[in-house]
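Architecture at a glance
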Amino acid sequence: MGYTLAQLAEKVQGKVKGDPNLQLSGLGTLEKAASHELSFLASPKYQSQLYDTSAGAVLVKSDEIAELVNNAIIVANPYLAFAKLSHLFAPATQGWSGIDSTCVVSKTATVAEDVVLGPNVVLDDDVVIERGCVIGAGCVISRGSKVGASSTIYPNVTIYHDVTIGANAIIHSGAVIGADGFGFAPKKDGWEKISQIGRVIIGDDVEVGASTTIDRGALDDTTIGNGVKIDNQVQIAHNVVIGDNSAIAGCTVVAGSTKIGSFCTISGGVCIAGHLTVVDKVHITGMSMITHSLLEAGSYSSGIAMEPTSKWRRTVARIRRIDDMAKQFAQLKQQVNKLLEKVDNK
Amino acid sequence: MGYTLAQLAEKVQGKVKGDPNLQLSGLGTLEKAASHELSFLASPKYQSQLYDTSAGAVLVKSDEIAELVNNAIIVANPYLAFAKLSHLFAPATQGWSGIDSTCVVSKTATVAEDVVLGPNVVLDDDVVIERGCVIGAGCVISRGSKVGASSTIYPNVTIYHDVTIGANAIIHSGAVIGADGFGFAPKKDGWEKISQIGRVIIGDDVEVGASTTIDRGALDDTTIGNGVKIDNQVQIAHNVVIGDNSAIAGCTVVAGSTKIGSFCTISGGVCIAGHLTVVDKVHITGMSMITHSLLEAGSYSSGIAMEPTSKWRRTVARIRRIDDMAKQFAQLKQQVNKLLEKVDNK
Amino acid sequence: MGYTLAQLAEKVQGKVKGDPNLQLSGLGTLEKAASHELSFLASPKYQSQLYDTSAGAVLVKSDEIAELVNNAIIVANPYLAFAKLSHLFAPATQGWSGIDSTCVVSKTATVAEDVVLGPNVVLDDDVVIERGCVIGAGCVISRGSKVGASSTIYPNVTIYHDVTIGANAIIHSGAVIGADGFGFAPKKDGWEKISQIGRVIIGDDVEVGASTTIDRGALDDTTIGNGVKIDNQVQIAHNVVIGDNSAIAGCTVVAGSTKIGSFCTISGGVCIAGHLTVVDKVHITGMSMITHSLLEAGSYSSGIAMEPTSKWRRTVARIRRIDDMAKQFAQLKQQVNKLLEKVDNK
């Protein structure tokens, strides 16, 4: 169940320092790793932890740093190497194989030979599950939807009709993909629902977090690019388009018809209003409120961090009167200017 | 699978311009509609798109505008007409009929004859499902709850005990209705749970979005009026009352015992504190923080939209010192006033 | 189905005022309770409601207050006593008993004798369910996870592999415990997933709200202390540690590796950034943005509550120019100081 230091080094094209035959059977942080575990130094600022670590070996950036420990793997990017090796040590997530007898699979669904369907999986008409997929217990995949090869869908995910998910997807439990967008026309006595006729199209290598919701388009499709990573409890409204490799952290909301570029990184708790454009390589800090398009790459923020409540109350009281203060300030400036004139003329 | 222009016009009491026999088999935006699709012009500001559209026909407001295209339906409210016609073109969402053999239905549950229960639906004791309902796969409806006629509940919805849902409801996947409100009495060594004994009562024509949670009341009931539309991932706490036809967008939180009036429109990401009153016809803009009752109709806002991070940091630093600035400003005003006196007296 | 006033008084070590044989079969607020119901006066500010209440009896703090009603139970802490008595009046939530025939239970799972497993419950390999647990319909508990004695898990909860939940837990529907944390290493063409190898460890007496997500640790474990109460739609990221008896209200987000102390109370809609430390007995008001550690007990806030939209727009416009205003203000002070010198020298 373990690997030698040499075997692990080879997997990340790294160089061994120390004992190539050292057996390693797990991963750990520098702080907590045991002697049978591999650790990593991602940033020089944690270098002092190398002196105290009990890790059997450490992924490091240079020969020089490797000198500080007995056993190391030297690679250009230790954090990336750690990420790649992490897959070797991931435990089994579930114990089912084949198609469980409790599944309900439509006669018109197509399921590749090696697919695992956990208990109570429901596949509706015309669903396609490609080779290598693992669909967790209780998942419901509705009419005409398709899951690309080697995707993992954890238990109790719901996928509505006419949704397309690319290869190598990871969809976490509680996610809902393809529910109706929030579209209504006002009428005299309330709201007329607008049937949401568009679809959801998700690219390859996408991860969708637990309880995240991605609504189907109203007429056009909601589209998630390749390599997009979405955290838990994110809400993606109808007709949103997200470019390749963008990452969105937990509890962020993207309102309807907004287009987000590629390689954006959006922190948690952000609200992005509808019908906006966010270009490539935009970074948004946590809990920001985005009400205008972001047409240049760069970092954007809003929000004011906490203070002790009593101090904050005073601050807020002042802010609420800032318009008055600004007006009085303008008046004062005029008075001072007049004074200056007077005094200078005297 | 299609309709003639005349047939569609009749359904919305509209007037045909052009070829009444034109076959239309879908809907599309002005930008993307094809020649077999119907589109609509909701607002005069998009009128220029009429020149370029490939839509087979367009819903418009006046004869004058209809002149700009070959085929049109003229109606007073094109957007509402489009909403009504959208239902004709909505695809089938699921392929099940009748009561699936995998359902677990209590002997004391009452299920109307034409109801569809998808695979693995669970109905507990004394549940009532009225005629015309479609309950999706994996839904669990607990003891004593009732779903009104012609309601659609998408897969994997959970309804707790003693919940009443009116007719024509649409409940999206992952929604949880009737979970315990967050009620605890503090005690020396922690918290004593307060059993949540109230119910959830939902009116007719209500839509509840994916992964939205509506908690049961502590003693009284949580109540959602007729025609209320709730988007995804909204949290409605215990004892909240929402008036008829109010609409609440994604990820908004309404804390306990707050009363919201009728015909309110609450944008996404809003937090409304507990024990407040919001009167009818209040509009709240996105991500607002509501800590006081809103006792007059109108629009309310809070929050400051983003700026580039570096500029925002300067702004925040100033805001944190606004109390000091205000004090210094008051001092300066006094000095200037004294100066004015002095100078005038000289 | 009811209790006498004397019986109820005994259960909370209270003193009876009035008729000890009065039959009470329910609970209600002072405003709405009927003559067969028990109510409570939690705070002196509602004392005037005693004159109008139709409640059969009331839990009160003193003999003096008890004089205002016919029947009362006098206890030191009426609200806590009400909480304790509330459990007597909670209705049955579900009607299943034993292990439903539709459950899928691995041969290697261990289920105590008196456990209730609702329909379609799925227990994977090596799962342990201790005595007295009730697991709702459609729950999926994955490989190697353990649920402590007397826990209630409502329908459609998903628990990933290697999760440990203590005794007396209440987990509400839609909750997802143990999904992957959001961890990726950037690479040239996107993101390399970091397998999330840690676990989730939850103490005793914990309540987890509907659709709340608690992610597993990356390498170390995500840890929730004893007596912690978490409301709906809360997101707890990987490696978070929460101390005993802290309470977190709806839709709050705690980002990765943050440590929260004991007896903290965190209101709803709060965002807490990653890698922070929050000490014991911190209170955070609703919708606050926490970007620094909180190293002293006390109350913390941020956010500015709503105003009418038109007034708010003016406020925001001023705030955006506050840096300019502050600079001009500094300039003006200099001018006034010079003036003061000049005038005084004249």
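Quick notes on the rules
Every chain is numbered on its own, with residues counted from 1 as its sequence reads. Think of it this way: whatever chain is written first is A, whatever ligand is written first is 1, and the rest follow in order. Reporting in this predicted model follows two pLDDT cut-offs: at least 70 for local features of residues, and 80 or more for side-chain atom pairs to be given and counted; totals over whole chains, interfaces and linings ignore these cut-offs and use all residues. By convention in this description, side-chain values take in all heavy atoms of the structure and omit both hydrogens and water. In DSSP terms, a helix is any run of H or I states spanning at least four residues, a strand is any run of E spanning at least two, and both are numbered starting from the N terminus. Contact between two residues is taken to exist if any of their heavy atoms lie within 4.5 Å; hydrogens are not considered. Each accessible area is a Shrake-Rupley result for a 1.4 Å probe, and residues are judged covered by the shown protein chains and nothing else. Positive charges are assigned to Lys and Arg, negative charges to Asp and Glu, while His and the chain termini are left out of the count. Just so you know, the charge point we use is NZ for Lys, CZ for Arg, CG for Asp and CD for Glu. Two strands are said to pair when DSSP picks up at least two bridges between them. For each residue, the accessible area found with a 1.4 Å probe, counting protein chains only, is set against the maximum for its type, and the residue is called buried under 20%, exposed over 50%, and partly exposed in between. In this document the domain limits rely on a domain assignment from an automatic tool or a database. A quick way to say it: buried area is the sum, across both parts, of accessible area lost when two parts are put together, with a 1.4 Å probe. Each reported salt bridge corresponds to a side-chain nitrogen of Lys or Arg within 4 Å of a carboxyl oxygen of Asp or Glu. Two N or O atoms count as a polar contact when they lie within 3.5 Å, although within protein this holds only if one can serve as hydrogen donor and the other as acceptor, and sequence-adjacent residues are included solely when both atoms are side-chain atoms.

Here we look at the overall build of chain A
Each helix and strand counted, chain A has six helices and 39 strands in total. C-alpha extents for chain A along the principal axes are approximately 95 × 70 × 35 Å. For chain A, the proportion of contacts with a sequence separation of at least 24, taken over those separated by at least 6, is 17%. Accessible surface, chain A as shown: approximately 13,300 Å² in total, 49% of it carbon and sulfur. For chain A, the distance from the average position of its 30 positive side-chain charges to the average position of its 34 negative side-chain charges is 13 Å.

Re the sheet that holds strand 31 (residues 253–254) of chain B
Residue and element names in this part refer to chain B. An order of 8-11-14-17-20-25-28-31-34-37 is seen for the ten strands of this open sheet, with the pairing classed as parallel. Two strands lie at the open edges of the sheet, namely strand 8 (104–105) and strand 37 (289–290), each paired on one side alone. Note that strand 28 (residues 235–236) and strand 31 share two bridges and pair parallel. Paired with glutamine 235 across the two strands is valine 253, which belongs to strand 31.

Some details on unusual backbone geometry
Trans is the prevailing form of peptide bonds, just as negative phi is the prevailing case for residues other than glycine. The phi angle at asparagine 156 of chain A is positive, at roughly 60°, despite the residue not being glycine. Structurally, the position occupied by asparagine 156 of chain A is in the loop between strand 16 (152–153) and strand 17 (158–159). Phi is positive for asparagine 168 of chain C, close to 60°, though the residue is something other than glycine. With respect to the element layout, asparagine 168 of chain C can be found in the loop between strand 18 (163–165) and strand 19 (170–171). Given a relative accessible area of 39%, asparagine 168 of chain C falls into the partly exposed group.

Some remarks on the domain arrangement of chain A
The domains assigned to chain A are domain 1 (3–89), domain 2 (104–300) and domain 3 (309–345). Between the C-alpha centres of domain 1 of chain A and domain 3 of chain A the distance comes to 60 Å.

Things to note about the pairing of strand 22 (residues 190–193) of chain C
Bridge analysis of strand 21 (residues 184–187) of chain C against strand 22 of chain C gives four bridges, and the strand direction is antiparallel. Bridge assignment links alanine 185 of chain C to a residue of strand 22 of chain C, and that residue is glutamate 192 of chain C.

Side note on the interface of chain C and chain B
Opposite the 78 residues of chain C that make contact, chain B presents 79 residues. Counting the surface lost from both chain C and chain B, the interface buries some 6,500 Å², and carbon and sulfur atoms represent 65% of this. It is Met287, Met306 and Arg320 of chain C that lose the most area in chain C upon contact with chain B, and together they represent 12% of the buried surface on that side. Our count for the chain C to chain B interface comes out at five salt bridges. For aspartate 220 of chain B, the salt bridge goes to lysine 32 of chain C, with nearest N and O atoms at 4.0 Å. For the interface between chain C and chain B, the tally reads 31 residue pairs in polar contact (both at pLDDT 80 or more). Mapped onto the side of chain C that touches chain B, the elements with two or more residues apiece are helix 3 (78–86), strand 27 (229–230), strand 30 (247–248), strand 39 (307–308), helix 4 (309–320) and helix 5 (322–345) of chain C. Top contributing element to the side of chain C that touches chain B by residue count: helix 5 of chain C, with 13 residues. Note that strand 38 (residues 298–301) of chain B and strand 39 of chain C share two bridges and pair antiparallel.

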